[in-house]
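# Remarks on the overall topology
In case you want the letters, here they are:
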Amino acid sequence: MFGRRAEHPLPAGPWSGGGTTAEVVTVEAPGVLGRRTVPCARFADGATFRLDDLRDAAAGRATILETVAGDPLAFLFRADAPSADSTIAPLAEGQDPGSWLLAYATGYDGAVSLGAVLAADDVARLGAWASGR
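Described below are features of the structure shown in this document.

Cut-offs used in this document
Residues numbered from 1 in each chain as written. Predicted model: local features only at pLDDT ≥ 70, side-chain atom pairs only at ≥ 80, totals over all residues. Heavy atoms only, no water. Salt bridge = Lys/Arg side-chain N within 4 Å of Asp/Glu carboxyl O. Buried < 20%, exposed > 50% of the residue type's maximum accessible area, 1.4 Å probe, protein only. Helix = DSSP H or I, 4+ residues; strand = E, 2+ residues; numbered from the N terminus. Arc of directions from axis to C-beta. Core = buried A, V, L, I, M, F, W, Y, C linked by side-chain atoms within 4.5 Å. Contact = heavy atoms within 4.5 Å.

### Thoughts on the pattern of salt bridges
- Throughout the structure, instances matching the rule amount to 4 salt bridges.
- The salt bridge involving arginine 50 is made with aspartate 52; its shortest N-O contact spans 3.0 Å.
- Aspartate 52 gets classed as buried once you look at its relative accessible area, which sits at 9%.
- With a shortest N-O distance of 2.9 Å, aspartate 56 and arginine 61 are connected by a salt bridge.
- Classification of aspartate 56 as buried rests on a relative accessible area of 14%.
- For arginine 61, a relative accessible area of 60% gives the class exposed.

This is the structure:
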């Protein structure tokens, strides 16, 4: 069907890398025809990202991801992706441009804190895990 993503098997167990872990969960998300359940990865600190978004990041099709469920609001982004005036840009200073950072919003003032740094090979393994391999 046009516009539909390929179905991937769910990861068998938890993933770990970059000083954090993730496990598969399902989250109810709004869709075109109402709410539906989507497979996601929930990191140790509670940040939840769609598995298909993680696959896109590992394949180079995405550079900044936002959590599915906004509590906690978090971002997973490649260190060279944020614009210089973004609130997440200071976290990327001095990081390897190919690394990915997991950042958490710390309040309503736009402040963010660094949760984990994933090396490029961690993200490749995360993408393979999200693909069920």
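Additional details are given in the paragraphs that follow.
### Observations regarding helix α1 (residues 51–58)
- When you tally the buried positions in α1, you get 6 out of 8 residues, the bulk of the element.
- Residues Leu51, Asp52, Leu54, Arg55, Asp56 and Ala57 constitute the buried set of α1.
- One or two positions beyond α1, positive phi appears at glycine 60, with a value near 85 degrees.

### What about helix α3 (residues 120–130)?
- Of all the positions in α3, only Asp122, Val123, Leu126, Gly127, Trp129 and Ala130 are classed as buried. For α3, the angular spread of buried residues about the axis comes to 160 degrees, placing them on one side.

### As for the nonpolar core
- Formed by 22 residues in total, the largest nonpolar core has its most connected members in Phe43, Phe49, Leu54, Leu76, Leu102, Leu126 and Trp129.
- Every element with two or more residues in this core is listed here: β3 (34–43), α1, β6 (74–78), β7 (100–105), β8 (112–118) and α3.
- For this core, the leading source of residues is α3, giving 4 residues.
- Leaving out residues up to four positions away in the same chain, leucine 102 has contacts with Phe43, Ala47, Phe49, Phe75, Leu76, Ser113, Leu114, Gly115 and Ala116.

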